[in-house]
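Here is what each chain is made of, one letter per residue.
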Amino acid sequence: MIRKYTVAVVGAKTLVGETLMELLAERNFPIEKLNALAKVSFWDEDVDFGRRTLDVQDIEAFDFTTVELAFFIEADLAADYGEEAAQAGCVVIDLSGHFSGREGVPLVIPEVNPAAVSEYKNHNMLVNPLSTTIQALMALKPLDDAAKITRINITSYQAVSSSGKAGIDELANQTAQLLNARPIDTKLYPKQIAFNVLPQINALQDNGYTVDENRFMQEVRSLLMSPHLGVNPTFVRVPVFFGDALALHIETEHKLSTDQAYELLRQAVGVTVMEANEDEGYPTPVTEAANEEAVFIGRIREDYSHPCGLDLWVVADNVRKGAALNAVQIAELLVQEW
């Protein structure tokens, strides 16, 4: 008989929370009872879970000793209740990044470092990395295993859905306003996002990189177990609803040809390689990645500016694969293996 678990989704009314519950139902995760939790403002709302509708519960009144597994979507709720949940005996899977970098709390990408799930015992916690980290490492880990990456230069073009429903609303509203020759309203982003690109995501820090860029550096070094790896990220917000795109430029200790890279990535789990070296033979967020679970890779080519350089173009759905699916896969590993 399959054991079933009591589960909480903290931040159930977010884009990621709704997608996560959709995936839990689709993948038949063994759930005895699912608790949809949110802030006070969502008390009177409900959410879909498979063919059922669940009432959203107030997190302030919730007893975490009643659940065995909790997904935390929002950083403020993770900060306020994450420790409480873990100390109550509940295993916390943090999608918000609040616990990223904490000593003894493992980052996990199931296709990259599945054995790290066993380390949940340290603090009853596991961390879902940044969507950009997940997407990049799915492409980079097979290449690192084969030729040892020594430097990563990345530009990440990120969809507005990473900012939640407010990001989608801002892009949709500004687009409608501009197309109707009306003044635009700018509420969420510091500058207009419709028909524009913003080379800053999250706050700038003293070193000139943003919070997310610095987090990406730390997470990549940790996951590749290379603390001194050269990592140079630039994160850009673009007027796309769903799906992030990465321009990856790497240097390796040993030269990898284009053919070798293609062969390594063809064998990688969770990756779809587009091999046509011709016009339109590449993936894009809208036409390939949106609402899909794979990471798509194309335009693999040797970097003529470096003897051991390689360039890749990588896209994935930032909400589905870059957040919700990775967390569900972590939970699946947890209950199956540990």
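Please read all numbers here as calculations on a predicted model, not as lab measurements.

Novice: Summarise the nonpolar core; cite the residues concerned and give the values.
Specialist: Phe 64, Phe 72, Ile 152, Leu 248 and Ile 297 are the most contacted members of the largest nonpolar core, which totals 61 residues. Ranked by residue count, the leading element in this core is helix 3 (residues 131-147), at eight residues. With residues up to four places along the chain from it excluded, the contact list for Phe 72 reads Val 10, Phe 64, Leu 77, Ala 78, Tyr 81, Gly 82, Ala 85, Val 92, Ile 93, Asp 94, Leu 95 and Ser 96. Counting 39 residues, the second largest nonpolar core, distinct from the first, contains Val 16, Ala 38, Phe 71 and Tyr 120.

Novice: Account for the pattern of salt bridges, naming residues and giving values.
Specialist: For the structure shown, the criterion picks out 19 salt bridges. In this structure, the salt-bridge partner of Arg 320 is Glu 26, at a minimum N-O distance of 3.0 Å. On the criterion of sequence distance, the pair formed by Arg 320 in helix 8 (residues 320-337) and Glu 26 in helix 1 (residues 15-26) is long-range, its members being 294 residues apart. For Arg 320, a relative accessible area of 6% corresponds to the buried category.

Novice: Describe the pairing of strand 1 (residues 5-10), listing the residues and the values that go with them.
Specialist: Taken residue by residue, a regular strand's side chains alternate between the two faces of the sheet. The element strand 1 is extensively covered by neighbouring structure, given that six of its six residues are classed as buried. Judged by which residues are buried, strand 1 turns out to be covered on both faces: Tyr 5, Val 7 and Val 9 on one side and Thr 6, Ala 8 and Val 10 on the other are all buried. Across six bridges, strand 1 lies against strand 2 (residues 31-38) in parallel orientation. Within the sheet, the bridge partner assigned to Val 7 lies in strand 2 and is Leu 34. Where the polypeptide runs from strand 1 across helix 1 and back to strand 2, its parallel neighbour, the crossover connection is right-handed. As paired elements, strand 1 and strand 5 (residues 69-72) share four bridges and run parallel to each other. In the sheet register, Val 7 faces strand 5, and the bridge partner there is Leu 69.

Novice: Outline the side chain of Thr 133, listing residues and values.
Specialist: Along the chain, Thr 133 falls in helix 3. Here Glu 219 takes part through its side chain, which lies 2.7 Å from a polar atom of the side chain of Thr 133.

Novice: Tell me about the packing of aromatic side chains, and name the residues and values.
Specialist: Counted according to the given criterion, the structure contains four aromatic pairs. Here Phe 62 and Phe 64 contribute two aromatic rings whose centre-to-centre distance is 5.1 Å and whose plane-to-plane angle is 80°, an arrangement assigned as edge-to-face. You'll find Phe 62 and Phe 64 in the same group, each marked buried. Seen in terms of ring centroids, Phe 216 and Phe 235 are 5.8 Å apart; in terms of plane orientation they differ by 70°. Their pairing is edge-to-face. Placement of the pair is Phe 216 in helix 5 (residues 211-223) and Phe 235 in strand 9 (residues 230-237), with a sequence separation of 19 residues. Put simply, the rings of Phe 62, Phe 64 and Phe 72 touch in pairs and so form one group of aromatic residues.

Thresholds, definitions, all that
Residues numbered from 1 in each chain as written. Predicted model: local features only at pLDDT ≥ 70, side-chain atom pairs only at ≥ 80, totals over all residues. Heavy atoms only, no water. Core = buried A, V, L, I, M, F, W, Y, C linked by side-chain atoms within 4.5 Å. Buried < 20%, exposed > 50% of the residue type's maximum accessible area, 1.4 Å probe, protein only. Helix = DSSP H or I, 4+ residues; strand = E, 2+ residues; numbered from the N terminus. Contact = heavy atoms within 4.5 Å. Salt bridge = Lys/Arg side-chain N within 4 Å of Asp/Glu carboxyl O. Pairing = 2+ DSSP bridges. Right-handed = clockwise from strand over helix to strand, strands pointing away. Polar contact = N/O pair within 3.5 Å; in protein donor to acceptor, adjacent residues only side chain to side chain. Phe/Tyr/Trp six-rings, centres within 6.5 Å; stacked < 30°, edge-to-face > 60°.

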